[in-house]
Amino acid sequence: MVLRNIEQRLERLVEGMFARAFRSGLQPVEIGRRLIRELDSHRTLDVSGRPVGPNRFGVRLATEDYQKLMKIRESLVRELSSSVREHAREEGMLFLGRVAIEIFEDPKVHEGMFRVDSSFDETAAVAAPPAYLELPDGQRVELSQRIAKIGRLPESDVILDDPNASRNHAELHPEGDTYLLVDLGSTNGSKINGVRANGRLLADGDELTFGIVSLVFRQL
């Protein structure tokens, strides 16, 4: 199911104005499949016995394919990164830091072919995950490498203007490439996509509800 979702997202990238360019030759969905295989084949265990996957990937393309994909490079990298993170969550796999995917032109690669390299990049662990919370009024609260506090207290990073919310309601803890939602024993609990949750990793687009206040977690 996860692989099919990945394929559908990547196929949508080449619809419309890009359909003709990708009618033949290398297809972006092939890169997505290869990244998933690379993630699975190079997984390892951390000191606690938890599965950890490589978080940095290099995709090397022939000049002709590289020039085609540059038209949708930003969107492609975003979708590929989301696909890798989604598969890792389904497998209970963690990352050392932010998932980074780079696309290179390699004259040694033949048209229609590509190479993928992966590695465990510990230096990415010190960088803040590129994410933010989208407030009901459209404003953003940027998330950093420190714990983000959510509640009614004025010193909270996200202040909840709702009497149904607790003073110290919840926290978001940076965890590898994403954040972990931790409910602080609030009266009405915390929800992810309408379901009460605690100690769960967030995915791009998740709706977080505290009392009657809903926020959207965005990950770039």
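Calculation criteria
Residues numbered from 1 in each chain as written. Predicted model: local features only at pLDDT ≥ 70, side-chain atom pairs only at ≥ 80, totals over all residues. Heavy atoms only, no water. Helix = DSSP H or I, 4+ residues; strand = E, 2+ residues; numbered from the N terminus. Buried < 20%, exposed > 50% of the residue type's maximum accessible area, 1.4 Å probe, protein only. Axes fitted to C-alpha atoms, helices over the stretch in contact; angles between N-to-C directions. Left-handed = near helix turned anticlockwise from the far one by under 90°. Contact = heavy atoms within 4.5 Å. Nonpolar A, V, L, I, M, F, W, Y, C, P; charged D, E, K, R; others polar. Salt bridge = Lys/Arg side-chain N within 4 Å of Asp/Glu carboxyl O. Pairing = 2+ DSSP bridges. Lys, Arg positive; Asp, Glu negative; His and termini not counted. Polar contact = N/O pair within 3.5 Å; in protein donor to acceptor, adjacent residues only side chain to side chain. Core = buried A, V, L, I, M, F, W, Y, C linked by side-chain atoms within 4.5 Å.

S.K.: How should unusual backbone geometry be read in this particular structure?
M.R.: For residues besides glycine, phi is generally negative; the peptide bonds are generally trans as well. Positive phi is not limited to glycine here, since asparagine 193 has a value of about 55°. With respect to the element layout, asparagine 193 can be found in the loop between strand S13 (190-192) and strand S14 (195-196). Given a relative accessible area of 42%, asparagine 193 falls into the partly exposed group.

S.K.: Explanation requested: the packing of helix H2 (residues 28-41) against helix H4 (residues 73-90) in the structure shown.
M.R.: The description of two packed helices rests on the angle between their axes and on the distance between the axes. Orientation of H2 relative to H4, taken along the N-to-C sense of each, is 35°, at an axis distance of 10 Å. The two elements H2 and H4 cross, and the hand of that crossing is right-handed. Contacts between H2 and H4 pair Pro28, Ile31, Gly32, Leu35, Ile36, Leu39 and Asp40 from the former with Leu76, Leu80, Ser83, Val84, His87 and Ala88 from the latter. Here the contact of H2 with H4 is composed, by residue class, of nine nonpolar, three polar and one charged.

S.K.: What's the story with the pattern of salt bridges in this structure? I'm lost.
M.R.: Two side chains that carry opposite charge are able to pair once their charged atoms sit near each other. Applying the stated criterion across every chain, the model contains nine salt bridges. Where arginine 60 meets aspartate 117, a salt bridge forms, and the shortest distance between an N and an O atom there is 3.3 Å. Linking arginine 60 in strand S3 (residues 56-61) with aspartate 117 in strand S6 (residues 114-119), this pair joins segments that are 57 residues apart in sequence. On the accessibility criterion, arginine 60 (30% relative accessible area) is partly exposed. The closest approach of N and O atoms between aspartate 157 and arginine 146, which form a salt bridge, is 2.6 Å. Of this pair, aspartate 157 sits in the loop between strand S9 (148-151) and strand S10 (158-159) while arginine 146 sits in the loop between strand S8 (140-143) and S9, and the two are 11 residues apart along the sequence. Three or more residues are tied together by salt bridges with common partners; here these are Asp40, Arg43 and Glu91.

S.K.: Hey, could you run me through the sheet that holds S14 in this one?
M.R.: Consider a sheet: its strands pair through backbone hydrogen bonds, and that pairing is either parallel or antiparallel. Ordered in space as S8-S7-S17-S16-S13-S14, the six strands form an open sheet in which the pairing is antiparallel. Where the open sheet ends on each side, the last strands, each with one partner, are S8 and S14. In terms of strand pairing, strand S7 (residues 131-134) meets strand S17 (residues 213-219) through four bridges, oriented antiparallel. Within S17, the position partnered with leucine 133 by the bridge is phenylalanine 217.

S.K.: Help me understand the side chain of aspartate 206 in this model?
M.R.: Within the secondary structure, aspartate 206 sits in the loop between strand S15 (200-201) and strand S16 (207-210). Comment: no salt bridge for buried aspartate 206; closest opposite-charge side chain is arginine 200, at 4.2 Å. In this structure the side chain of aspartate 206 is engaged in a polar contact, spanning 3.0 Å, whose partner is the side chain of asparagine 193. For aspartate 206, the residues in contact, after removing those within four places along its chain, are Ile192, Asn193, Arg200, Leu201, Leu215, Val216 and Phe217.

S.K.: What's the story with the environment of glutamate 86 in this structure? I'm lost.
M.R.: Locating glutamate 86 in the fold gives a position in helix H4. Look at glutamate 86 and you get buried, because its relative accessible area is 17%. Taking C-alpha positions, glutamate 86 is 9.2 Å from aspartate 204, a pair spaced 118 residues apart along the chain.

S.K.: Would you mind going over the environment of leucine 143 with me for this structure?
M.R.: Structurally, leucine 143 is set in strand S8. For leucine 143, a relative accessible area of 8% corresponds to the buried category. Considered as a pair, leucine 143 and leucine 133 are 10 residues apart in the sequence and their alpha carbons are 7.3 Å apart.

S.K.: For this particular structure, what's the right way to read the nonpolar core?
M.R.: A general feature of soluble globular proteins is that nonpolar side chains tend to end up buried together. One finds Ile31, Leu35, Val59, Leu61, Val84 and Ile101 to be the most contacted residues of the largest nonpolar core, which totals 22 residues. Among the elements of the structure, H2, S3, helix H3 (63-69), H4, strand S5 (100-105) and S6 are those that each provide at least two residues to this core. At five residues, the largest contribution of residues to this core is made by H4. Those residues in contact with leucine 35, other than ones at most four positions away along the chain, are Phe57, Val59, Leu80, Val84, Ile101 and Val116. Core analysis: the next-biggest nonpolar cluster, separate from the first, contains 21 residues, Ile192, Leu208, Phe210 and Val213 among them.

The analysis is restricted to geometry; functional conclusions fall outside its scope.
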